[in-house]
Each structure stands twice: as C-alpha cells, then as structure tokens.
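Structure at a glance
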Amino acid sequence: MELTRKTAAELSALLAGGEVSAEEVTAAHLDRIAGCDDRVHAFLHVAADGAVAAAREVDRRRAAGDELGPLAGVPVALKDVFTTIGAPTTCGSRILDGWQPPYDATITRRLRQAGAIILGKTNMDEFAMGSSTENSAFGPTRNPWNLSRVPGGSSGGSSAAVAAYQAPLAVGTDTGGSIRQPASVCGIVGTKPTYGGSSRYGLVAFASSLDTPGPLARTVLDAALLHEAICGYDPMDSTSIDAPVPPVVAAARQADVSGMRIGVVTELSGEGYQPGVMARFAEAVELLESLGAKVTEVSCPNFRYALPAYYLIAPSECSSNLARFDAMRYGLRVGDDGSAGAEEVMSLTREAGFGDEVKRRIILGAYALSSGYYDAYYGKAQQVRTLIIRDFEAAFGQADVLVSPVTPTTAFGIGERADDPMAMYLADLCTIPSDLAGNAAISVPCGLASEDGLPAGLQVMAPVMADDRLYRVAAAAEAALTERWGHPLIAEAKGLGTSEPWFSGERGGSA
Ligand code: GLN
C-alpha cells in the first residue's frame, strides 16, 4: 500500500479501521521526505523524532479505546511562521536563526490536540513576503511539477510538500495570496478562511489586519477536514471571530451547485493573463454552469486599485510589526562584542538579518506612515480598502460566490522575476481583494495550461463567514474536472504534465 499517495480522508479511514498504524503512516511520509527533499527543499526542519513519538502516542490512545478525531495519526506539514515548542521557528529569516519559541501557536496546539502528526516546518519567503519562496534566507523551494519553476509563495514549502506527496496536508498563511497562489501553481487546493476565522496567536506577524492561516491539501474534502481542525474562536487573538466554524466538511461532501448564483469578476481577466490559464478557467466555469449554477458577469471596478493599496497597507503594518526584531529579544545578534552601543548592535543585526525584500517593505512602510505622508499614502489606501469592501458587498448582492483565476500565470521560472518586484507582486492580482476585504476564498486545480502543461487554478470567493460555500463549489468543480481531465495530479501521472523525469512514474496511484 502506497501510503503517501493516500488522501488524508483515506488515511483517516485506514487508521480508524486499524489497517495501518499512525507510526507506519508517519514513517512512510518521513521516508518520502528523505527520498526527495534534497531536490524539492520543501522543509526547513524535519521533526522526525517528535513525529514518531506523536504517532506512537496516537496508536497507544487508539489501542486504549480513546475517542479520536478524523486527523488523529494523519501527517501535516507546518509553515515555519507558526511557533512550535521543540522545533525552531525561523520565518525563512536569518534574524530568527537559532530562536526556539517558548510556546505553541494556537494552530500548532490544535493540530496536536487533533492528534495530527507534525512532520516539520516548511520553507517560505522571508516573513511571508513574496510569491515564489525565493526570498527564503535558506534557499528556494522547487515546484514538484518542474524543478526549474517556483512553487509560488509565500507558503511554497507547504504547497510543494503536499504536491510532492511528502504530506497529505499542510498549513500556510495568506496575507495577499500566500496560500491560494502557491496552491494554484502546485496543482493543489488551498483556502484562505474568513479573516478572524483562524487564529493568529503564535503566528509571527507580517500584516496583522490581513494575516490568515489556512489549509493546503490535494483534495477539497481534505482541505475541509483540516479547515475544521484548525479554525474557530480563540480568545488569545483579539480579532478572532466568536462564532461557530462554518460547516465546511458537510459542504465538501454536498458538492452541489445547482441553483447557485456564480459571478465571474470582469476585472480579473484581460491583458497579462496567460491564455492557457484563462482557457482552463473558462472551461471550469462552463462545467459549473452545466451542473446547474447560474453564471453572470459581475463588475468590481475598484479591484484595480487593490494591488497598490495592499502595497501601502501591508508594508506599513510590516514596518511596525518587524520593529520587534531589535537584536535583544530574538535570535541573531551581530556586533555585540562590548564595543558597540545597543543602537549600533540593533542596526548591525537588522542589516545582516533581514533580506532585501523585507528591508524594501520596512522602508516603504515607514515612509507611508510618516507624518506629512500618512494621509496621502496610508490613509488613502485605507479608503480604497473600504471601496473594495463595498464592491464585494454589491457583488455578493448579485451572486452567492464570485470566481476568477487564482493567479494570472502558471509557475514561473526560478530567478525569472527575482529582480523585478513589480512582476512578482502581480502574481497576487486576483487574490489580494479578498485579503483586503477579509472574506473567504479557495483555490482549486482546474487542469493544465496548454502552453507549458503546468497547473492552473480556479478561485472561488465567498462572503465573510460563508466559507462553506467555497467548499460546495470547489468540491463540485473538483468532481466535474476529475471526470473531464482526471484530477490534475492524476493527469500528470498519465504523462500530460510530466516534465521532470525524476518525478514521472513515481507519482499517480490511487485516485
Ligand atoms: N505575495 C504577497 C506579498 O509579498 C502576499 C504574501 C502573503 O500572502 N503572505 O506580500
């Protein structure tokens, strides 16, 4: 039995039926990581000992007859932005090198309580700033579909780990698209829950009014299972929503769009969008229509200002949040030989510890917040944010969900956009509006683009706390697209998208 080819739902059933032990499942995934992570580089830290110990504990509890949840014994990879007792947390940055967090993030704690097996910490763009994982201080992650391409970012390690069958599930964070864009270019499912639906406690902050943890998985149902395990009210997070988690697992099982009103966002198409991505998107929408959805065009005129507004708001919050890395409290300290004063040590440490993109954001943010410029930049961006929220409100008056491509192109080449920040920022054109408005959105694979045989994604957006609608639509699309294409991952196994010889033949297996 190829345990790494199983979905989380399949593993859960095998574990519950006593057909496999959590220790076997964990060992299979650790073997897979050992066998291919020198090429993929999804992980910054593999927590093999902790994972095996946790798996044995699950097996012991199961043998003792304890009631266990659906994720008990199921492996999960955790983005290295969540604090973890017993494993480092670097955020892909030198400045946190060597730091051992003294507490678990709420997400980490909930995973442990659910009996999920944390395999390790995944690579990411430094402090989650980027769309390619090339901004990691520890080297890039590669896209399992084609090792010369990026896996997207900033949750690129998490998405690559799931696409490469190193883990059936992973947790990422989305501030401007960092779950949905890497999911799309790696051919997997990724959800940005409603802002406040998942806890930020113990998540190292980038832009606090936007940061949202969420699940990555190879199927919609798996994403829903993880969604329910990690989401929900947390008194430790002041912006957490005190309401029940929307019933996303039931919605994924329902997988029904008949009578649903689906709005195609006019503004999220056109120049700069790869024709093969648009073709797959259009087909996905047609499929949904053939399943009984009512498809209309919806206009959100202010979405065109979303990217510039985001690149004022996110850097502003980042410049404030990252002030805490002062060489005294965490990780790296440079120049502390007794000759330099505190301010100089701080300056030397920040110079050595932060990468170029992080420094660019801190400078941009400090400028946007400075007196004399605040109203013109930060203040104006907040007004634009309100206009975008109003666009969503109007659009959700006409449609139950909105759809668009996830990102304008398939995975680009490593190095291709590294020296062009604007080109890199454009990867989040379609995802940023939902971050600014705080509503929920999902990325679901919709086939391979004809130009390069790489995955394209369908984005579904739903109103605040209507996350279940995402799963209804995504699961219906997934079922129809599987019939049409084979699941994109399976399509690759059929030879449609295999461009890396090392990967072909190794993949595929049970659908
Ligand atoms: N790529 C965007 C940025 O660099 C979004 C990142 C994210 O969602 N964390 O800010």
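See above for the structure.
Residues numbered from 1 in each chain as written. Predicted model: local features only at pLDDT ≥ 70, side-chain atom pairs only at ≥ 80, totals over all residues. Heavy atoms only, no water.

Turning our eyes to something else, we now look at helix α13 (residues 375–398). Taking 1.5 Å per residue as the helical rise, α13 with its 24 residues ought to reach 34 Å, and the 34 Å between its terminal C-alpha atoms agrees with that figure. Residues Tyr378, Gly379, Ala381, Val384, Arg385, Ile388, Asp391, Phe392, Ala395 and Phe396 constitute the buried set of α13. (Helix = DSSP H or I, 4+ residues; strand = E, 2+ residues; numbered from the N terminus. Expected span 1.5 Å × (residues − 1). Buried < 20%, exposed > 50% of the residue type's maximum accessible area, 1.4 Å probe, protein only.)

Moving on, we come to the packing of aromatic side chains. To describe a pair of aromatic rings, you give the distance between the ring centres and the angle between the ring planes. Here the structure, examined in full by the defined rule, presents 14 aromatic pairs. With 5.2 Å between their ring centres and 50° between their planes, tyrosine 374 and tyrosine 378 make a pair best called tilted. Overall, tyrosine 374 belongs to the partly exposed group, its relative accessible area being 37%. The class for tyrosine 378 is buried, based on a relative accessible area of 15%. Members of the aromatic cluster, each reached through a chain of ring pairs, are Trp99, Phe127, Phe325, Tyr330 and Phe354. (Phe/Tyr/Trp six-rings, centres within 6.5 Å; stacked < 30°, edge-to-face > 60°.)

What follows deals with the packing of helix α9 (residues 275–290) against helix α16 (residues 467–485). Contact geometry of α9 with α16 gives a least axis separation of 10 Å together with a crossing angle of 110°. Here α16 runs roughly perpendicular to α9, going by the angle between their axes. Across the interface between the two elements, Arg280, Glu283, Leu287 and Leu288 from α9 touch Val473, Ala476, Ala477, Ala480, Leu481, Arg484 and Trp485 from α16. The residue makeup of the contact of α9 with α16, split by class, is eight nonpolar, no polar and three charged. (Axes fitted to C-alpha atoms, helices over the stretch in contact; angles between N-to-C directions. Parallel < 35°, antiparallel > 145°, perpendicular 65-115°, else oblique. Contact = heavy atoms within 4.5 Å. Nonpolar A, V, L, I, M, F, W, Y, C, P; charged D, E, K, R; others polar.)

The next subject is the sheet that holds strand β8 (residues 294–298). Read from one edge to the other, the open sheet built from eleven strands follows the order β1-β3-β2-β4-β6-β5-β10-β11-β9-β7-β8, with strand pairing classed as mixed. Strand pairing shows two members of the sheet lacking a second neighbour, β1 (43–46) and β8, which therefore form its edges. Averaged over all pairs of adjacent strands, the angle between strand axes in this sheet comes to 30°, irrespective of strand direction. Docked against the sheet, helix α7 (residues 220–230) engages β4 (169–174), β5 (189–192), β6 (212–217) and β10 (440–448), running at close to 145° with respect to β6. (Pairing = 2+ DSSP bridges.)

Relative to the elements of secondary structure, alanine 479 occurs in helix α16. Distance from alanine 479 to asparagine 302, taken between C-alpha atoms, is 33 Å for residues 177 residues apart in sequence.

Looking now at a nonpolar patch on the surface. Taken together, the side chains of Tyr367, Tyr373 and Tyr377 present a nonpolar region at the surface, about 290 Å² in accessible area. Its location among the elements puts tyrosine 377 in helix α13. Judged by its relative accessible area of 32%, tyrosine 377 is partly exposed. (Patch = residues over 30% accessible without salt bridge, like charges linked within 9 Å, V, L, I, M, F, W, Y side chains within 5 Å. Areas by Shrake-Rupley, 256 points an atom, 1.4 Å probe, with all protein chains shown as cover. Salt bridge = Lys/Arg side-chain N within 4 Å of Asp/Glu carboxyl O.)

β6 sits mainly inside the fold: six of its six residues count as buried. Relative to β6, β4 runs antiparallel, the two sharing six bridges. Residue pairing in the sheet places valine 171 in a bridge with proline 215 of β6. In the sheet, β5 pairs with β6 via two bridges, with the strands oriented antiparallel. Paired with valine 189 across the two strands is alanine 217, which belongs to β6.

Let us now look at the packing of α7 against α16. Two elements in contact, α7 and α16, have axes separated by 9 Å at closest approach and are oriented at 160°. Classified by the angle between their axes, α7 and α16 sit roughly antiparallel to one another. Where α7 abuts α16, its residues Val220, Ala223, Ala224 and His227 lie against Asp467, Tyr471, Ala474, Ala475 and Glu478. Partitioned by chemical class, the residues of the contact of α7 with α16 number six nonpolar, one polar and two charged.

Further remarks concern the site of the ligand. Contacts to the ligand come from 15 residues, most closely from Gly176, Ser178, Tyr310, Arg361 and Asp428. Summarising the interface, the protein chains cover 100% of the accessible area of the ligand, which totals 290 Å² for the free molecule. Residue composition of the shell around the ligand, grouped by class: five nonpolar, seven polar and three charged. (Near = heavy atom within 4 Å.)

Judged by nonpolar contacts, the single largest core of 147 residues is most densely connected at Leu111, Phe127, Leu458 and Tyr471. Of the residues forming this core, the biggest block, nine residues, is contributed by α16. Sequence-distant contacts of leucine 111, that is, excluding residues within four places in its chain, are made with Val76, Leu78, Ala116, Ile118, Val171, Leu226 and Ile230. (Core = buried A, V, L, I, M, F, W, Y, C linked by side-chain atoms within 4.5 Å.)

Given a rise of 1.5 Å per residue, 16 residues ought to cover 22 Å, and the 22 Å separating the end C-alpha atoms of helix α3 (residues 48–63) matches this to within 8%. Here α3 has its buried residues at Ala51, Ala55, Val58 and Asp59. Viewed end-on, α3 has its buried residues packed into an arc of 100°, placing them on one side of the element. Those residues of α3 hidden inside the fold are in contact with α2 (22–40) and β3 (117–122). In the stretch just after α3, glycine 65 is the one whose phi turns positive, near 85°. (Arc of directions from axis to C-beta.)

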